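# Coordinates in review
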Amino acid sequence: MGFEGGGDGGGGGGVGEEEVVVSVNGFSMKTSDVEAKLDEGNIQEAESSLREGLSLNYEEARALLGRLEYQRGNVEAALRVFDGIDLQAAIQRLQPSLSEKQSSRRSRSRCDSLNSVSQHAASLVLEAIYLKSMSLQKLGKAIEAAQECKSVLDAVEKIFQHGIPDVLVEQKLQETVSKAVEFLPELWKQAGCYQEALASYRRALLSQWNLDDECCARIQKRFSVFLLYGGVEASPPSLASQIDGSFIPKNNLEEAILLLMILLRKWYLGKTQWDASVMEHLTFALSLCGQTSMLARHFEEVLPGIYSRTERWYSLALCYSGAHQDEAALNLLRKCLNKHESPDDMMSLLLAAKICSKDHLLASEGVEYARRAISNAEVADEHVKSVGLRFLGTCLGKQSKVASSDHESARLKAEALKSLDEAIALDRCNPDLIFDLGLVYAEQQNMSAALKYAKEFIDATGGSISKGWRLLALVLSAQKRYSEADVVTDAALDETAKWEQGPLLRIKAKLKVAQSLPMDAAEVYRFLLALVQAQRKSFGTFKSSAEVDDDKASEFEVWQGLANLYSSLSHLRDAEICLEKARALKPYAASTLHTEGSMYEAREHVQDALAAYSNALSMEVDHVPCKVSLGALLLKRGSKSLPVARSFLSDALRLEPTNRLAWYYLGMVHKEDGRMADAADCFQAASVLAESDPLESFSSLS
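Residues numbered from 1 in each chain as written. Predicted model: local features only at pLDDT ≥ 70, side-chain atom pairs only at ≥ 80, totals over all residues. Heavy atoms only, no water.

### What to know about the overall build of the protein
Here is the rule: Labels follow the DSSP assignment, with helices taken as runs of H or I lasting at least four residues and strands as runs of E lasting at least two, numbered in each case from the N terminus. Throughout this description, buried means an accessible area under 20% of the type-specific maximum (1.4 Å probe, protein chains only), exposed means over 50%, and partly exposed covers the range between. Pairs of residues are marked as contacts when any of their non-hydrogen atoms sit within 4.5 Å. Using a 1.4 Å probe, the Shrake-Rupley method yields the accessible areas, and only the shown protein chains count as cover for residues.
When helices and strands are tallied, the protein shows 33 helices and three strands. Residues counted as buried form 47% of the 702 residues belonging to the protein. Partitioning the contacts of the protein with sequence separation of at least 6, the portion at a separation of at least 24 is 58%. When the accessible surface of the protein is split by element, carbon and sulfur atoms take 51% of a total near 33,900 Å².

So, in C-alpha cells, the structure goes:
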C-alpha cells in the first residue's frame, strides 16, 4: 500500500502537471477533486472526500490533506491542516498493533498484514508532523519547528520501544524517521539552542534509528563541524550512553576527532563516498592539539588516486614538520621539487627553505630553495616574495656561522641583513620579520637596533608571544641592565600562559645569578622544575614522542642549570646530585660531561677533567663550551700544549665568533707564545664582547 502519482516527488517537492493518484488501504482516488475543494477553501469537504474515498480515520485524512497542501506550496494552509492532528491519540492507537508479538506460526501472515497497515498509518501521521516542522521552519519559527520535529522522534521511540528493526519496516516510514533525525539538530542550531543541538546529535548517533550509512555519515560530519567551530563547550556524553572499556572523549576536540576518524574508517571500508572536507576538518583538529604525526598516518592510509603524488608528499611534509621530524619532511619535499615532479611549486619551496633555515648545515640548500621561490613569485604577490626573502635572510645568517673565512662570514651576514630589510619593506607589519631582524641585529652586536625591534615585536603581538619578551630580556642583559631585564621577565610571566613560562623562568634564574643572588636563582630553578614535571604529568598520555622528548630536554636543562649553579658556589655534593638527575634524562649529553669536567677542575683533578671534556667532544664535536674549557686547561699545562690549545680556541671562535671567553683564552695563548699584538687584539675583542654578552646565547631563540 502506498502513494502513486505522476508528479509526486516523495517527501516535499511540488506536484507536476500530471494527475496524481493516491492509493491507501486498497483504495485509490484522484487528487484533482480534493485539490479543487482546497482551492475553494472547503477544507472540511476535502477531508471528508479523503476519508470516504480511501477509508481513512481523522488523523490519516488530515495528514494526507496537509501533505497535499505542502506539496502545492501552501505552507500556511498546510500548517492549519496539520494543527488538527492529535499525535498522542494516533500513537496510542498505533502502539499496540506495532508492538504486538506474533503468538504462533499460523497467525504470522495475519500479523504481518496488520503490521503493514499499522506502519502505513504511522508513516502518514509521522510524516505529517515532520512536514509541519518544515512548514514552521520556513515561516521562521525555528523553536516551534524543533519541538514538532522532536515530537516525531519521541513518537517513534514510543511506537518502537526496542528501536526500529532492521527489517520489515516500510520504506516511507524509515525515510521520515531518517529525515527527522537529521533535521532536528539543524533546527535547534537555527533557534540558537546549542545545548539542545548537542543532545540531538548524540541522540541521533546513539539511539537505534536504523539509519543508512550515508545519512549517519552526514550527521557525524555536521556534529564534528559543530564541535570544532560552534563555540559551544560540550559536556562529556552521559554515563548511560557509555560502554565499559570504550574511549570517552573529554572535550569538544577529542569528540570531533573521534567522529572524523570514524568517518574515514567508513570510507576505507567502502561504506561511504570520499569527502575531502572530512580530511580538511581532521587536519585542523589534529593540528590544533599538536598531533600532526597521527595526521600523517591518515594521509598515508588514503588510497592512491585521491591525492596526486606531490600533493600527498607536501601534506606529509607539513605533518612531519609540525611533529619536529624535519629530516623526514625535507626528504619528502626534495621528492616534490625533483625536476621530474613539481620543481617550481611555491609552497614546497618555501617550506623546504623554512626547514633548512633551522640548521646551519642545511643553510646553503635553503638559500637555493628561497631564491627559486623569490624568482618564481609573481610581481604582484608581495607577501609570497616577502616570505621568500625572509627565509633567504635566515638561511644566509645560518650559513655565515659555518663560513670558511671571516671575510666570507661578513659577506653572508651583510646579505642576510639586506634580504630581511627587503622583506620588511614589502610586508612592514609582519611580526615574524620584525623578530628576525631584531635577532640578526642582536647577533651582530647592534643592541640599539635589536632593542628597537624587540619592543616593536611585543607591540605588534600584544605581548602574547614569549619569544619577544625573551629577546628583549636578553638584549637588556647584554647591555648589563639586569634590573630592567628582571622587570621585563616578570611582566612576561604575567602575560604568558603557565605552560609556556619555562624559557622565561630559565632566563630569570640566570638574571638572579648575574645579580649575585644565588639562592633566589635556586628557588626559581625549583619552581621551573615543578612546572616542567607538572606539565609532563598533565599531558603525558596525549603527547607525541617528539613532544615527550622536548619535555625531557626541558627537565634536563633545569637539572643542568642547577648543577652549574651549585658548582659555581662550590657546593659540589649538591651539584653531583643534580648532575645525576640530568644524566638519567640524557645519558650522553655533552653539556653534562662539560659540567662534570668543571667539577673535576675545581678539585684539581686535571686528567679527569681532560677526559670529561674529550668525551663530551666525541659525543658532540661542535660543543663550543668544551672546546673553550679544553683550550683553557691546556693553556695551564705549559708551552708544549699551546698549539693544541690555540687549535681548540680558534675552532670555538669559528663556530661562535661572539664567545667572550674563547677570545680571552686565545689572547692568553698568544701572550704565552710571545705574540703580543695578536694577544692585544684578542683581549680587546673579549673586552668589547664582555660589554654586550647576554646571559643566554641569542641562538637559543632561533
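### Some points on the side chain of Arg-202
We apply this condition: Contacts described as polar in this section are N or O atom pairs within 3.5 Å, which, within protein, must combine one atom able to donate a hydrogen with one able to accept it, while residues neighboring in sequence count only if both atoms come from side chains.
One can find Arg-202 in helix α9 (residues 194-206). Relative accessible area serves as the criterion here: at 13%, Arg-202 is assigned to the buried category. There is a polar contact of 2.7 Å between the side chain of Arg-202 and the side chain of Glu-255.

### Considering the environment of Leu-126
Along the polypeptide, Leu-126 turns up in helix α6 (residues 108-138). Accessibility expressed as a relative area gives 1% for Leu-126, which makes it buried. The spatial distance from the C-alpha of Leu-126 to the C-alpha of Ala-63 is 8.4 Å, given a sequence separation of 63 residues.

### Comments concerning the packing of helix α20 (residues 431-443) against helix α22 (residues 466-478)
Note the following rule: Here an angle of 0 to 180 degrees is reported between the N-to-C directions of two axes, which are lines fitted to C-alpha atoms, with helices fitted over the stretch in contact. Each angle is binned into one of four classes, with values under 35 degrees roughly parallel, values over 145 roughly antiparallel, values of 65 to 115 roughly perpendicular, and all other values oblique. What makes a crossing left-handed is the near helix being turned counterclockwise from the far one by less than a right angle; a clockwise turn instead makes it right-handed. All amino acids are sorted into three groups, where Ala, Val, Leu, Ile, Met, Phe, Trp, Tyr, Cys and Pro are nonpolar, Asp, Glu, Lys and Arg are charged, and the leftover types, Gly among them, are polar.
Across the interface, α20 lies against α22 with an axial gap of 11 Å and an inter-helix angle of 20°. One finds that α20 runs roughly parallel with respect to α22. The way α20 lies across α22 gives a crossing that is left-handed. On α22, the residues that touch Asp-432, Phe-435, Gly-438, Leu-439 and Ala-442 of α20 are Lys-467, Gly-468, Leu-471 and Val-475. Partitioning the contact of α20 with α22 into residue classes produces five nonpolar, two polar and two charged.

### Observations concerning the pattern of salt bridges
Applicable threshold: Salt bridge, as used here, is a side-chain nitrogen of Lys or Arg placed within 4 Å of a carboxyl oxygen of Asp or Glu.
With the rule as written, the count across this model stands at 44 salt bridges. Arg-411 is the salt-bridge partner of Glu-408, the closest N and O atoms lying 2.6 Å from each other. Placement of the pair is Glu-408 and Arg-411 together in helix α19 (residues 406-426), with a separation of three residues, close to one helical turn. The class of Glu-408 is partly exposed, set by a relative accessible area of 25%.

### Observations regarding helix α16 (residues 346-356)
When you tally the buried positions in α16, you get nine out of 11 residues, the bulk of the element. Buried within α16 are the following residues: Met-346, Ser-348, Leu-349, Leu-350, Leu-351, Ala-352, Ala-353, Ile-355 and Cys-356. Elements in contact with the buried residues of α16: α14 (309-322), α15 (326-336), α17 (363-376) and α18 (382-400).

### Here we look at the nonpolar core
How we decide: We define a nonpolar core as any set of buried Ala, Val, Leu, Ile, Met, Phe, Trp, Tyr and Cys residues linked to one another through side-chain atoms lying within 4.5 Å.
Counting 166 residues, the largest nonpolar core has Leu-471 and Phe-698 as its most contacted members. Looking at this core, the element that brings in the most residues is α6, giving nine residues. Setting aside residues up to four positions removed in sequence, Leu-471 forms contacts with Phe-435, Gly-438, Leu-439, Ala-442, Ala-454, Phe-698 and Leu-701.

### Concerning the packing of α18 against α19
When two helices pack together, their arrangement is given by the angle between their axes and by how far apart the axes lie. Axis separation between α18 and α19 bottoms out at 8 Å; the angle between their running directions is 160°. As summarised for this structure, α18 and α19 are arranged roughly antiparallel, according to the angle between their axes. When you trace α18 past α19, the crossing you get is left-handed. For the pair formed by α18 and α19, the contact residues are Glu-382, Lys-385, Ser-386, Leu-389, Arg-390, Leu-392, Gly-393, Leu-396, Gly-397, Gln-399 and Ser-400 on the first element and Ser-409, Leu-412, Lys-413, Glu-415, Ala-416, Ser-419, Leu-420, Glu-422, Ala-423 and Leu-426 on the second.

### Comments concerning helix α8 (residues 171-190)
Put simply, the test is: For a helix, the expected span equals 1.5 Å multiplied by the number of residues minus one. A residue's bend is simply the angle between two axes: one fitted to the seven residues ending at it, one to the seven starting at it.
With 20 residues, α8 extends 29 Å from end C-alpha to end C-alpha; this agrees with the ideal 28 Å at 1.5 Å per step. At Phe-183, α8 is bent by approximately 30°, the largest bend along its length, and proline Pro-185 sits one to four residues beyond. Burial of α8 is extensive: 15 of the 20 residues sit out of reach of the surface. Where α8 ends, the next residue or the one after it, Gly-192, has phi of about 80°, a positive value.

### Remarks on the confidence of the model for the protein
Should the pLDDT be low somewhere, the predicted coordinates at that spot are not to be read in detail. The line we're drawing: The predictor reports its confidence for every residue as pLDDT, a score running from 0 up to 100.
On average, the protein scores 83 in pLDDT, and the residues at 70 or more come to 83%. Below pLDDT 50 for its whole length, residues 548-552 participates in six contacts with residues either more than four positions away or in separate chains.

### Quick look at the environment of Gly-66
Looking at where Gly-66 falls in the secondary structure, it is placed in helix α3 (residues 58-71). Residues Gly-66 and Asp-83 lie 17 residues apart in sequence; the distance between their C-alpha atoms is 9.4 Å. Residues contacting Gly-66, with those up to four places away along its chain left out, are Ala-78, Val-81 and Phe-82.

### Observations regarding the packing of aromatic side chains
Applicable threshold: Each pair of aromatic rings taken from Phe, Tyr and Trp, with Trp reduced to its six-membered ring, is defined by centres within 6.5 Å and is described as stacked if the planes are under 30 degrees apart, edge-to-face if over 60, and tilted in the remaining cases. Throughout this description, the term charge over a ring refers to an Arg CZ or Lys NZ atom that lies within 6 Å of the ring centre and within 35 degrees of the ring normal.
Under the counting rule described, the total for this entry stands at 13 aromatic pairs. Arranged with centres 6.0 Å apart and planes meeting at 35°, the rings of Tyr-194 and Phe-226 form a pair that is tilted. Of this pair, Tyr-194 sits in helix α9 while Phe-226 sits in helix α10 (residues 213-229), placing them 32 residues apart in sequence. Owing to a relative accessible area of 36%, Tyr-194 belongs among the partly exposed residues under this scheme. When the centroid spacing of 5.4 Å and the interplanar angle of 55° are considered together, the rings of Trp-267 and Tyr-268 count as tilted. Geometry around Tyr-453 places Lys-452 over its ring, the cationic atom sitting 4.1 Å from the centre. A cation over a ring is seen here: Lys-586 above Phe-556, with NZ or CZ 4.8 Å from the ring centre.

### Concerning the environment of Leu-649
Tracing the sequence through the fold places Leu-649 in helix α31 (residues 642-655). With 20 residues separating them in the primary sequence, Leu-649 and Val-669 have C-alpha atoms 9.3 Å apart. Setting aside residues up to four positions removed in sequence, Leu-649 forms contacts with Lys-627, Val-628, Gly-631, Ala-662, Tyr-665, Leu-666 and Val-669.

### Topic: the side chain of Ser-386
By the secondary structure assignment, Ser-386 is in helix α18. For Ser-386, a relative accessible area of 1% corresponds to the buried category. Within polar-contact distance, the side chain of Ser-386 engages the backbone oxygen of Ala-423 at 3.1 Å. When neighbours within four sequence positions are excluded, Ser-386 is seen to be in contact with Ala-423, Leu-426, Asp-427 and Leu-433.

### A look at unusual backbone geometry
Phi angles above zero are rare outside glycine, and Lys-480 is one such case at about 60°. Tracing the sequence through the fold places Lys-480 in the loop between α22 and α23 (482-495). For Lys-480, a relative accessible area of 34% translates into the label partly exposed. A positive phi angle is found at Glu-604, which is not glycine, with a value near 65°. Summarising the element assignment, Glu-604 is placed in the loop between α28 (590-602) and α29 (606-619). Among the residues examined, Glu-604 registers a relative accessible area of 67% and is labelled exposed.

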